[in-house]
Amino acid sequence: MARRAHRPSQAPASRPRFYGRHAVLAALANPERTVRKIWGTREVLSALDLPPVVPITYAEAGDLARLVPPDAPHQGIVAEVDPLDDIWLGDLLEAGANDRRPLLLLDQVTDPHNVGAILRSAAAFDALGIITQDRHAPPESGSLARSASGALEVVPWVRVVNLSRALDEIAEAGFWRVGLTGHARGTLGEVMGEARIALVLGAEGEGMRHNTEAHCDELARLPIGPKVESLNVSNAAAIALYAVTTRG
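Values in this document were obtained by computation on a predicted structure and should not be read as measured data.

Caption draft 1: Representation of the sheet that holds strand β3 (residues 35-40) in the model. Pairing within the open sheet is mixed, and its four strands lie in the order β2-β5-β3-β4. Only two strands of the sheet have a single neighbouring strand rather than two, namely β2 (17-19) and β4 (56-58). Within the sheet, the average angular offset between the axes of one strand and its neighbour, ignoring direction, is 20°. Here five bridges tie β3 to strand β5 (residues 77-81), and the two strands are oriented antiparallel to one another. Among the inter-strand pairings, Trp39 is bridged to a residue of β5, identified as Val78. Running over the sheet, helix α1 (residues 21-29) touches β2, β3 and β5 and is turned about 120° from β2.

Take a look at the structure:
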């Protein structure tokens, strides 16, 4: 795991609240994560082996519902956590210098459900990490953690100020930068070759920005049929990761 940079402690009001068994238990299992407090029903909490240092409050399901967004499926457990400390891009690249795991870069993908699902796919296909812009990506939240189903705790997530400069640094580390876009002439299988791959995906609707495309070595499309115009960005990420990790 790449070294994490220190982030100043945040006020309780800014701490995210995770909900659901997968998200909360994964947070508890992550030594890099600080869990400040847990609320839960007696039925759920009595079945868990919780660390004694974490304050626990028993609550009814209706009370838990008031701690999370409307209709959030809390499954009888909610946790208040500190956001993870930042990870430096250089540290991530150094940690993965001797393997061929792919990288994922997201160009202004802001939907927390999509980012969470991409984190889950990144964990499933053992990606080196994901990289987003600091200001154009969702913060850690309960909805993102639930969509990630525990992957938020195991996949390194690097936030950068400038995605173009990050792409330059990634190229210097030996990655072939492939941007996924529907207007590309070649498919991913045709252009990715044998190099280490950094996959770049743009936001839904707008796609990748022109400057981001200009910092890719190749542009590629997924070979989808004419019945649909495009895929959800999280689905595209999963398919692309599968293609990269199973290439001959």
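Caption draft 2: Representation of unusual backbone geometry. Positive phi, close to 60°, is recorded for Gln108, a residue that is not glycine. Examined against the element boundaries, Gln108 turns out to sit in the loop between β7 (103-107) and α5 (112-124). A residue is classified by how much of its surface remains accessible, and Gln108, at 24% relative accessible area, is partly exposed. The phi angle at Asp126 is positive, at roughly 55°, despite the residue not being glycine.

Caption draft 3: Representation of a nonpolar patch on the surface. Residues Ile224, Val228, Leu231 and Ile239 make up a contiguous nonpolar surface patch of roughly 290 Å² in combined accessible area. Since its relative accessible area comes to 39%, Ile239 is described here as partly exposed.

Caption draft 4: The arrangement of the nonpolar core in detail. Counting residues in each nonpolar core, the largest one holds 47 residues, and the members touching the most others are Leu119, Ile130, Leu188, Leu199 and Leu201. Here the element with the most residues in this core is helix α10 (residues 233-245); it accounts for six residues. Among the nonpolar cores identified, the runner-up in size contains 19 residues, and Ile87, Leu105, Ala166 and Leu167 belong to it.

Caption draft 5: Spatial organisation of the environment of Arg15. The residue Arg15 is located in the loop between β1 (4-5) and β2 in this model. For Arg15, a relative accessible area of 17% puts it in the buried group. Sequence-wise, Arg15 and Pro83 are 68 residues apart; in three dimensions their C-alpha atoms are separated by 6.7 Å. For Arg15, the side chain forms a polar contact with the side chain of Asp82, separated by 2.7 Å.

Caption draft 6: Broad picture of the side chain of Arg177. Relative to the elements of secondary structure, Arg177 occurs in strand β10 (residues 175-180). A relative accessible area of 10% means that Arg177 is categorised as buried. Reaching out from Arg177, the side chain makes a polar contact with the backbone oxygen of His215 at a distance of 2.9 Å. Sequence-distant contacts of Arg177, defined by excluding residues within four places in its chain, comprise Leu167, Asp168, Ile170, Ala171, Ala198, His215, Cys216, Asp217 and Glu218.

Caption draft 7: Inspection of the pairing of strand β8 (residues 129-133) at higher detail. Most of β8 is tucked away, with five of its five residues classed as buried. Here β8 shows two buried faces, one formed by Gly129, Ile131 and Gln133 and the other by Ile130 and Thr132. Bridge count for β7 against β8 is four bridges, and the pairing is parallel. Bridge assignment links Leu106 to a residue of β8, and that residue is Thr132. As paired strands, β8 and strand β9 (residues 157-160) are joined by four bridges and run parallel to one another. Looking at β9, one finds that Thr132 is bridged to Arg159.

What counts, and at which threshold
- Residues numbered from 1 in each chain as written.
- Predicted model: local features only at pLDDT ≥ 70, side-chain atom pairs only at ≥ 80, totals over all residues.
- Heavy atoms only, no water.
- Pairing = 2+ DSSP bridges.
- Helix = DSSP H or I, 4+ residues; strand = E, 2+ residues; numbered from the N terminus.
- Axes fitted to C-alpha atoms, helices over the stretch in contact; angles between N-to-C directions.
- Contact = heavy atoms within 4.5 Å.
- Buried < 20%, exposed > 50% of the residue type's maximum accessible area, 1.4 Å probe, protein only.
- Patch = residues over 30% accessible without salt bridge, like charges linked within 9 Å, V, L, I, M, F, W, Y side chains within 5 Å.
- Areas by Shrake-Rupley, 256 points an atom, 1.4 Å probe, with all protein chains shown as cover.
- Salt bridge = Lys/Arg side-chain N within 4 Å of Asp/Glu carboxyl O.
- Core = buried A, V, L, I, M, F, W, Y, C linked by side-chain atoms within 4.5 Å.
- Polar contact = N/O pair within 3.5 Å; in protein donor to acceptor, adjacent residues only side chain to side chain.

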